[in-house]
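Listed below are the residues making up each chain.
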Amino acid sequence: MKGVLLVNLGSPESPTPKDVKPYLDEFLMDKYVIDVPYLLRALLVRGIILRKRPEESAHAYEKIWWDEGSPLVVLSERMQKKIQPLVDVPVSLAMRYGSMTIEKGLQELHEKGVTEVLLFPLYPQYAMASTLTILVKAEEIRKKKFPQMTFTDVPAFYNKPDYIKNLADSIQRNLVGFDYDHLLFSYHGIPERHIRKTDVTKSHCKIDGSCCNTPSPAHDFCYRHQCYETTRQVVKLLGLPADKYSLTFQSRLAGDKWLEPYTDIEINKIPAKGIKNLAVVTPAFVSDCLETLEEIAMRAKEDFQENGGEEFLAIPCLNDDDEWCVTVSNWIKDWAK
């Protein structure tokens, strides 16, 4: 019997330092997120970051927390509940970090008699700190707990035509009535070394301004290329001129060279270019979360307006959009045939 496991990032149990700390510990101690030797990672995370970050992050989570719980979890659950009636196979939901574990999701499918699992990371673009860590963790659990199961992995869907159309349609709907001067595509940042580590050719990815536009097998696993390609295809579908949009990367950690340009720095510069009305879309996420609701819709808006900007629109993620849920259900049905 076939079944599907949707997997998103995860969330702390509550917006309190007590619950945020173990969540951050699990997340940041992941060797695919902070990819340095264990002892150095433990020193950085447990000796430095976790001394102040839980309280700071808890305050940020508190600002976006819903009555029903974490927005990311609530929106992912709504998506799962909309997809389930559209398909003939069981669809479960799990998170890479936190209490809604991948093991629990697989157990739920196992109890329904599922032996063939479509493992579906809810990330449009491939990255070792998002997609890869899900695939590795799921395989570890499968070998230990569910050896009778087989997995089919959903590859990055950054350039699938129906996803691109869903994203473009969502942007267009949200821009109705908003007289924007510029559309900013803000993607989650990653360290540049992650790009080189996931380069299957070991030589193509130079992050030099041209490699992302030069065809290569490396692009199947190149986060940077996939971000630019998602943007290119959406822009083409929307018919945007080159001066009407730009692309940046957000959420970096200090101490490393991360993908540029940086969202926060560019947001501060944009008003000086005569851009007074700014719309921002975050296509690295399919569900709104801390990085979209607090970092962009609150902090980036404040920075933009403090630097002379006027109107700011944070475009929601696809979340449980009906068209998007139909798209995912169609992909599931194609696999389940």
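Residues numbered from 1 in each chain as written. Predicted model: local features only at pLDDT ≥ 70, side-chain atom pairs only at ≥ 80, totals over all residues. Heavy atoms only, no water.

Where an unreviewed UniProt entry is consulted, the chain appears under the name Ferrochelatase, with the organism given as Flavobacterium hydatis.

Details of the pairing of strand β5 (residues 182-188)
By the criterion of burial, β5 is predominantly enclosed, with six of the seven residues buried. Two strands pair when backbone bridges link them, and β5 and strand β7 (residues 277-281) are joined in this way by four bridges, in the parallel orientation. Looking at β7, one finds that L183 is bridged to A279. In the sheet, β5 pairs with strand β6 (residues 245-250) via six bridges, with the strands oriented parallel. Along β6, the bridge assignment pairs H188 with Q250. (Buried < 20%, exposed > 50% of the residue type's maximum accessible area, 1.4 Å probe, protein only. Helix = DSSP H or I, 4+ residues; strand = E, 2+ residues; numbered from the N terminus. Pairing = 2+ DSSP bridges.)

Describing helix α8 (residues 223-238)
Between its first and last C-alpha atoms α8 spans 23 Å; for 16 residues at 1.5 Å apiece the expected length is 22 Å, and the two agree. Every buried residue of α8 is listed here: Y223, R224, H225, Q226, C227, E229, T230, T231, V234, V235 and L238. Downstream of α8 by one or two residues, G239 has phi in the positive range, about 70°. (Expected span 1.5 Å × (residues − 1).)

Re the sheet that holds β7
Spatially, four strands are ordered β6-β5-β7-β8 in an open sheet, and the strand pairing comes out parallel. Each edge of the sheet is formed by a strand with only one pairing partner; in this case those strands are β6 and β8 (311-314). The mean angle between the axes of side-by-side strands here comes to 25°, regardless of whether they run parallel or antiparallel. Seen against the sheet, helix α11 (residues 295-306) touches β5, β6, β7 and β8 and runs at an angle of roughly 165° to β8. (Axes fitted to C-alpha atoms, helices over the stretch in contact; angles between N-to-C directions. Contact = heavy atoms within 4.5 Å.)

Remarks on the domain arrangement of the chain
Taken domain by domain, the chain consists of domain 1 (2-156 + 321-336) and domain 2 (161-314). On a C-alpha basis, the centres of domain 1 and domain 2 stand 23 Å from each other. Contacts between domain 1 and domain 2 engage 29 residues on the former and 28 residues on the latter. At the boundary of domain 1 with domain 2, the tally comes to five salt bridges. A salt bridge links D35 to R193, with the nearest nitrogen and oxygen atoms 2.7 Å apart. In this assembly, domain 1 and domain 2 are joined by 12 residue pairs in polar contact (both at pLDDT 80 or more). Listing elements by their share of the side of domain 1 that touches domain 2, those giving two or more residues are α2 (38-64), α3 (71-83), α5 (128-145) and α12 (322-336). Here the element with the most residues in the side of domain 1 that touches domain 2 is α2; it accounts for five residues. For the side of domain 1 that touches domain 2, the class distribution of residues is 20 nonpolar, four polar and five charged. (Domains from an automatic or database assignment. Salt bridge = Lys/Arg side-chain N within 4 Å of Asp/Glu carboxyl O. Polar contact = N/O pair within 3.5 Å; in protein donor to acceptor, adjacent residues only side chain to side chain. Nonpolar A, V, L, I, M, F, W, Y, C, P; charged D, E, K, R; others polar.)

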